[in-house]
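Summary of structural features
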Amino acid sequence: MKHVKVMALILGVIWAGNATAQEATKLPQIALIEAFAEYEALYQDDPQAAFAMADTILAQADDPDLRLIFGRAALDAGEGLRAKDYLDPLADQLAQTDPRLTQALDLLVAVHDLLGQEAEALTYALLAFDTAAARLGEENPALLARLENLEPRAEKLRPNLLPRIADFRAAILAGPRQLRDVPNKREPTAIDLWYGTNRVATGSTDPSQFYGTDLGGLSLGKLTVTIPPGHLAGLIERPSGWFFTDHLDPNKHVVLAKLEELTNDAFAEGCCDEADRLLFVHGYNVSFHDGALRAAQLAFDLEFPGQAMYYSWPSKSSIYGYLNDANNVVPSRSAMEEFLEIATRGEGKLHIIAHSMGNRYALEALETFLLRNPDRRIGQLILAAPDVDRAGFQARFSSIRDNADGITLYASRHDLALQVSRRLNGGYRLGDANGEIMHLAGLDTVDASQIEADALGHSYFGDAPQLLGDILGVVRLGWAPQERCSVAMRNTGEASNIWEVREDGCPVEQVRVAGDLIRKFGGKALSEAQQRFNKASDDQVDFWLGVLDVVESRLEK
């Protein structure tokens, strides 16, 4: 990191990194996916040969996630200089508030400890504190552990820093400002997520680094993500530009604020009673942190009235870790079954949204769980861009369908990630609308190819307001496809349960308000919406006109 001028907040100087806000979206190269899997297998028997392969991989794809993986492996093998070479470039590749930069700096502390370079280790410990404080806020209790580790280092090498460390500790112990748990247009909104994961804990108190990528047993807890005022449906607001003074601001950005592990009994008592629940299961190449942000965004945008839940399986969090992620499906089944047993207790229904490879984990666990617990049911199951073998899904479909209120599939012809998966797996994936799109009795298939999506065409389920509006109609309002204004039946000339997303479909905000009016006023909802339209200000006329359309369309059906 010699090319970047750095000093920590403890010294009163702002970080001056060179990273861009967003890395270029890219598709993984199949050859490198296979090479990384070979590296993983080789590392167990011959670390030196594995590191030679790692160098070859980085020469072809200088990827930050790979550098973190290789750097950690080199450190574990006692290869301090090699680990330093892997990790040093990350200062120029990652932004200050990227959790991966904090991980890299923490690893570099350990590297310099291993090399006997105490002064350098202290410098990187200060920088790690700096990035964590910029991301979490300077009053976050998760920083106390970092201060505890910094103090003896500073006492030995830089005693002039001790008063500054004491000031930080006092500010944290005085207590952070309280997060709101109800929406307010001028303040961040706190979204609580009841989570389960079979990732192994790292030992860090930083919420974004609390869990790593290794496979383990089930852990349960509760975390809080804040949504900024002025949030736009479908977005996960993050910093852009990365000027010298940039930091995560809860008033502008979505922030993972805190996390607490719970016992099974405490978790069950808090999460699972008469209220409905909405569970999100993330896809491949997703960290615990990033999946939590998406789960909170979905719960907020859908204004789900019950408990928001999140399950995080041990993804390698790298686009080149595809085969590793796929190999953990069966070993993760028992942990996820245990989670489902708790999540389906009580009177409330458990609705599930699974994305990409997360569908493999969800379907694998659901099939065996429901067979062993035939008295349990789930609500709506949303299969979003599922990276699942079509034939395999068809074989297990009936056992899940019989214990679910409904199952909805979202697929697209423009999903480039699933087209790569098709080449890797030798067949069309369930979420790929190319070829013959899957349609089964009891499955509502929605072709989302009309939706303008991200560069990979893979995250449309959570990004597009029309799709969010349709999902809201399913999980919050219980509307069948013919009752929803965001989809229309495909004209195939014969009876079909294939639907297509309308480009002019109803945005989630309008569906949300229309649904509330219908639930509250019943057959009088149209006149109530008309009255609100008549009183609307000029900048709200279009919104209420859309609400009127949704209410009118729904009541007609």
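Presented here is an overview of the structure given in this document. Just so you know, these numbers come straight off a predicted model, no measurement behind them.

A few points about the pairing of strand β9 (residues 443-447)
Burial within β9 is extensive, with four of its five residues counted as buried. Of the pairings in the sheet, the one linking strand β8 (residues 404-411) to β9 comprises five bridges and is parallel in character. Paired with threonine 408 across the strands is aspartate 444, a residue of β9. Once you follow β8 into helix α16 (residues 416-425) and on to β9, the crossover reads as right-handed. Two strands pair when backbone bridges link them, and β9 and strand β11 (residues 498-501) are joined in this way by three bridges, in the parallel orientation. Residue pairing for β11: valine 446 is matched across the bridge by tryptophan 499.

Here's the deal with the nonpolar core
Of all hydrophobic cores here, the largest spans 101 residues; its most connected members are Tyr39, Phe70 and Met309. Ranked by residue count, the leading element in this core is helix α7 (residues 118-136), at 11 residues. Phenylalanine 70 has contacts with Phe36, Tyr39, Phe51, Ala54, Ile57, Leu58 and Tyr86, leaving out every residue within four places of it along the chain. In this structure, Leu193, Leu223, Val254 and Leu468 belong to the second largest nonpolar core, which totals 62 residues.

Considerations on the environment of alanine 362
Residue placement: alanine 362 occurs in helix α14 (residues 358-372). The exposure class of alanine 362 is buried, given its relative accessible area of 2%. For the pair alanine 362 and arginine 333, spaced 29 residues apart in the sequence, the C-alpha separation amounts to 8.5 Å. Ignoring anything within four residues of it in the chain, the contact list for alanine 362 reads Met336 and Ala354.

Some details on the side chain of threonine 344
Structurally, the position occupied by threonine 344 is in the loop between α13 (329-343) and β6 (350-355). A distance of 2.7 Å separates a polar atom in the side chain of threonine 344 from the backbone oxygen of leucine 340. Reaching out from threonine 344, the side chain makes a polar contact with the side chain of arginine 376 at a distance of 2.7 Å. Other than its neighbours up to four places away in sequence, threonine 344 contacts Arg277, Leu350, Phe369, Arg376, Arg377 and Ile378.

What to know about the environment of arginine 146
Along the polypeptide, arginine 146 turns up in helix α8 (residues 144-157). Residue classification places arginine 146 among the buried positions, given a relative accessible area of 14%. Sequence separation between arginine 146 and threonine 205 is 59 residues; the distance between their C-alpha atoms is 8.6 Å. Residues contacting arginine 146, with those up to four places away along its chain left out, are Thr102, Asp106, Ala128, Phe129, Ala132, Asp206 and Gln209. Among the polar contacts listed, one links the side chain of arginine 146 to the side chain of aspartate 106, at a separation of 2.8 Å.

Regarding the packing of helix α3 (residues 64-76) against helix α4 (residues 80-87)
Where α3 contacts α4, the two axes come as close as 8 Å, and the packing angle between them is 170°. Judged by the inter-axis angle, α3 sits roughly antiparallel to α4. Note that α3 runs across α4; the crossing there is left-handed. Judged by residue contacts, Arg67, Leu68, Phe70, Gly71, Ala74 and Leu75 of α3 engage Arg82, Ala83, Asp85, Tyr86 and Leu87 from α4. A class-by-class count of the residues in the contact of α3 with α4 yields seven nonpolar, one polar and three charged.

Re the pairing of β6
With six of six residues buried, β6 is to be regarded as a mostly interior element. Of the two faces of β6, the one lined by Leu350, Ile352 and Ala354 and the one lined by His351, Ile353 and His355 are each fully buried. Relative to β6, strand β4 (residues 277-281) runs parallel, the two being bridged by five bridges. In the strand pairing of β6, arginine 277 is matched with leucine 350. Here β6 runs beside strand β7 (residues 378-384); their pairing, made up of four bridges, is parallel.

Structural notes on helix α18 (residues 465-475)
A large share of α18 lies buried, amounting to 10 of its 11 residues. All of the buried residues in α18 are Gln466, Leu467, Leu468, Gly469, Asp470, Ile471, Leu472, Gly473, Val474 and Val475.

Regarding unusual backbone geometry
Notably, asparagine 285 is not glycine yet its phi reads approximately 60°, a positive angle. The residue asparagine 285 is located in the loop between β4 and α11 (288-301) in this model. By relative accessible area, asparagine 285 is classed as partly exposed at 26%. Of note in this structure, glutamate 303 is not a glycine but carries a positive phi near 45°. Checked against the element boundaries, glutamate 303 lands in the loop between α11 and β5 (307-312).

Focus: the side chain of threonine 224
Mapped onto the secondary structure, threonine 224 falls in strand β2 (residues 211-227). Looking at threonine 224, its side chain comes within polar contact range of the side chain of aspartate 192, at 2.8 Å.

Cut-offs applied
- Residues numbered from 1 in each chain as written.
- Predicted model: local features only at pLDDT ≥ 70, side-chain atom pairs only at ≥ 80, totals over all residues.
- Heavy atoms only, no water.
- Buried < 20%, exposed > 50% of the residue type's maximum accessible area, 1.4 Å probe, protein only.
- Helix = DSSP H or I, 4+ residues; strand = E, 2+ residues; numbered from the N terminus.
- Pairing = 2+ DSSP bridges.
- Right-handed = clockwise from strand over helix to strand, strands pointing away.
- Core = buried A, V, L, I, M, F, W, Y, C linked by side-chain atoms within 4.5 Å.
- Contact = heavy atoms within 4.5 Å.
- Polar contact = N/O pair within 3.5 Å; in protein donor to acceptor, adjacent residues only side chain to side chain.
- Axes fitted to C-alpha atoms, helices over the stretch in contact; angles between N-to-C directions.
- Parallel < 35°, antiparallel > 145°, perpendicular 65-115°, else oblique.
- Left-handed = near helix turned anticlockwise from the far one by under 90°.
- Nonpolar A, V, L, I, M, F, W, Y, C, P; charged D, E, K, R; others polar.

Purely spatial values, then, with no claim about function.
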